[in-house]
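Structural overview for review
Given next are the chains, with one letter for each unit.
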Amino acid sequence: MPSTNELQNFLSDLISGAQKVGVMWQLVVLVASLGLSWWWLRRAMIRRIAPQVTGRPQDPGTRGTGRILLRGRYRVLFPLFALILLVFGKWVLDHWYSTHLLSIAVPLLSALALIRAVIYMLHKVFSSQELLHPWERFIGWTVWTGLVLYVTGLLPEILTFLDGISFQIGKQRFSVVLVVQGIVMFCASMLVALWLAGALGAGIMNTSALDINRRVILSKILRTTLILLGILIALPLVGADITVLSVFGGALGVGLGLGLQTIASNYISGFIILLDHSLHIGDTVTVEGRRGEVTSLTTRYVVLKSDDGTDALIPNDVFITSAVVSQTFSDHRSRLVVPIQISYASSVETAMDIMLNAAKTRKQVLADPEPVVFLKEFDASGINLELYVWVENPGGSDLGELGPRSDINTEIWSEFQKHGIELPFPQHEVRLLQ
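A short tour of the structure in this document, coming up. Fair warning: this is a prediction, and the values are worked out from it, not measured in the lab. (Residues numbered from 1 in each chain as written. Predicted model: local features only at pLDDT ≥ 70, side-chain atom pairs only at ≥ 80, totals over all residues. Heavy atoms only, no water.)

**Description of the pairing of strand β9 (residues 372–378)**
Note: β9 against strand β10 (residues 383–392), 6 bridges, orientation antiparallel. If you follow L375 over to β10, its bridge partner there is L385. The turn linking β9 back onto β10 is made up of 4 residues. (Pairing = 2+ DSSP bridges. Helix = DSSP H or I, 4+ residues; strand = E, 2+ residues; numbered from the N terminus.)

And the structure:
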């Protein structure tokens, strides 16, 4: 660690003629460290990411994503590599010259690396970027202020003064320095845990060798484990006794048994759904009268996107305790029934042929099983016909079953008009007796 008056020592070196050669060598080491770090990182990152950015011209968002990724990593790694080179150069120069300038540059680069690393992890952990801007300024001002106090030699005196402001809780003595240090260490531990969970979870979700359910399970278990590990690491750093977790665990068990059983049920049900493969992302299901496509499986609920664009957040235990109708559980095909009534004056055979040909000419309709038309019954107003067709996962489209049903009905109506097939109105025979 450099002494607290490195700034004064460096100013003395500038004034002293005997130390000008040492100052020049320190400037050479500083410029070389920054230049080599900038040159090597730029080449390495561009060589790694540029092919991914320019290799897929059909995806206009890829280029912007690659540039953002390149800029974010470069901003973090640049001061780190420069710091490593600078420390090595300082160690070499220490054999011949005093290195007061480098002793000032080392904490400067350390502060820059710390600020950029924290901001980088904050952007990775939290999705709301607008709320991060005030925190970015706060972190930057805090670190730079601490650095200025350190370089000028005022930081030890301030820390000693703040450590004298203390209070007693039982046998434990707490000071302002200890409280601030505990808060900082706890936040840093949780931030690193959340960042690692997000980074490793993204890698698991991009692994095509595992199915989507196993990927979701592993990412959730990994996230929970890392957060618990972060808490276990942070508590001793704050000064808390780990044995208090046993008391907390007992209280948590009582809480789960009394008021949190629903939350625990949803949490466990989420893992059961993923483990027994009863539900997958992309499935079309109907539960408690709500039909939609499964778009997300979370710890507490399942997101169903309906045909009208609305999202329903359904608790996980509903899928365990209720009957769920799935159109895609064992087969992505679905049968559509198109009922049509024609008048008694129309030709039944012609109407049935038209309905069958209308189904066979639609690209959404599957050839196996082939479409079938049935004469269902003779009604008071006309003859009831029903067309049975099979389509491939209609729930996966934005319109659901409405799209293929509308196409078939439009074609049938057009052909009925050409061949004189009438659709009857409700008729009632009224007799007047005199």
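**Points about the packing of helix α4 (residues 100–125) against helix α7 (residues 176–205)**
Two measures define how a pair of helices packs: the angle their axes make with one another and the distance between the axes. Direction vectors running N to C along α4 and α7 enclose 55°, while the axes themselves pass 9 Å from each other. By the angle class used here, α4 and α7 are oblique. Judged by the sense of rotation from one axis to the other, the crossing of α4 with α7 is left-handed. For the pair α4 and α7, the contacting residues are V118, Y120, M121, L122, K124 and V125 in the first and L191, V192, L194 and W195 in the second. Considering only residue class, the contact of α4 with α7 consists of 9 nonpolar, no polar and 1 charged. (Axes fitted to C-alpha atoms, helices over the stretch in contact; angles between N-to-C directions. Parallel < 35°, antiparallel > 145°, perpendicular 65-115°, else oblique. Left-handed = near helix turned anticlockwise from the far one by under 90°. Contact = heavy atoms within 4.5 Å. Nonpolar A, V, L, I, M, F, W, Y, C, P; charged D, E, K, R; others polar.)

**Some thoughts on empty space enclosed by the protein**
The tally for this structure, following the rule as stated, stands at 1 cavity of 30 Å³ or more. In this structure, the largest cavity occupies an estimated 40 Å³ of space. Lining of the largest cavity is provided by K220, Y267, G270, F271, L274, T298 and T299. Of the residues belonging to the lining of the largest cavity, the class tally is 3 nonpolar, 3 polar and 1 charged. (1 Å grid on protein atoms, 1.4 Å probe; cavity = no way out; pocket = protein on both sides within 12 Å on 5 of 7 lines; lining within 4 Å. Points joined across faces, edges and corners; volume = space filled by probe spheres on them.)

**With respect to the side chain of S346**
Secondary-structure assignment places S346 in the loop between β8 (333–342) and α12 (348–360). Engagement of the side chain of S346 in a polar contact is seen with the side chain of S343, the distance being 3.0 Å. The residues touching S346, leaving out its near neighbours within four places in the chain, are G420, I421 and E422. (Polar contact = N/O pair within 3.5 Å; in protein donor to acceptor, adjacent residues only side chain to side chain.)

**Re the packing of aromatic side chains**
Summed over all chains, the structure comprises 4 aromatic pairs. Both rings, one in W40 and one in F81, keep their centres 5.1 Å apart while their planes meet at 75°; by these two values the pair is edge-to-face. A residue pair is termed long-range when its members are at least 10 positions apart, and W40 in helix α2 (residues 20–54) and F81 in helix α3 (residues 60–93) qualify at 41 residues. By relative accessible area, which is 45% here, W40 ends up partly exposed. Judged by its relative accessible area of 28%, F81 falls in the partly exposed class. (Phe/Tyr/Trp six-rings, centres within 6.5 Å; stacked < 30°, edge-to-face > 60°. Buried < 20%, exposed > 50% of the residue type's maximum accessible area, 1.4 Å probe, protein only.)

**Regarding the pairing of strand β6 (residues 311–315)**
Burial along β6 is one-sided: A312 and I314 are buried, while D311, L313 and P315, pointing the other way, are not. In terms of strand pairing, strand β5 (residues 301–305) meets β6 through 5 bridges, oriented antiparallel. Looking across to β6, one finds that K305 is bridged to D311. Adjacent in sequence and paired antiparallel, β5 and β6 are bridged by 5 residues, among which G309 carries a positive phi angle near 90°.

**Regarding the sheet that holds β9**
As summarised here, the arrangement of the 3 strands in space is β8-β10-β9, forming an open sheet in which the pairing is antiparallel. At either end of the open sheet lies a strand with only one pairing partner, and these are β8 and β9. The average angle at which neighbouring strand axes cross in this sheet is 25°, direction not considered. The sheet strands contacting α12 are β8, β9 and β10, and the helix crosses β10 at an angle near 15°. Where helix α13 (residues 402–419) meets the sheet, it contacts β8 and β10, and its direction lies at approximately 30° from that of β8.

**A look at the side chain of S219**
By the secondary structure assignment, S219 is in helix α8 (residues 212–238). Those residues in contact with S219 that lie beyond four places of it in its chain are G201, I204 and M205.

**What about the pattern of salt bridges?**
All chains considered together, the criterion is met by 4 salt bridges. Put simply, E415 and K418 hold a salt bridge, and the shortest N to O gap is 3.6 Å. Placement of the pair is E415 and K418 together in helix α13, with a separation of 3 residues, close to one helical turn. (Salt bridge = Lys/Arg side-chain N within 4 Å of Asp/Glu carboxyl O.)

**Side note on the nonpolar core**
By size, the foremost hydrophobic cluster in this structure holds 21 residues, and its most contacted members are I342, M355, L387, I412 and F416. Sorting the residues of this core by element identifies β8, α12, β10 and α13 as the ones contributing at least two each. Here this core takes 6 residues from α12, the largest share from any one element. Setting aside residues up to four positions removed in sequence, L387 forms contacts with L336, V337, V338, M355, A359, P371, V372, V373, I408 and I412. (Core = buried A, V, L, I, M, F, W, Y, C linked by side-chain atoms within 4.5 Å.)

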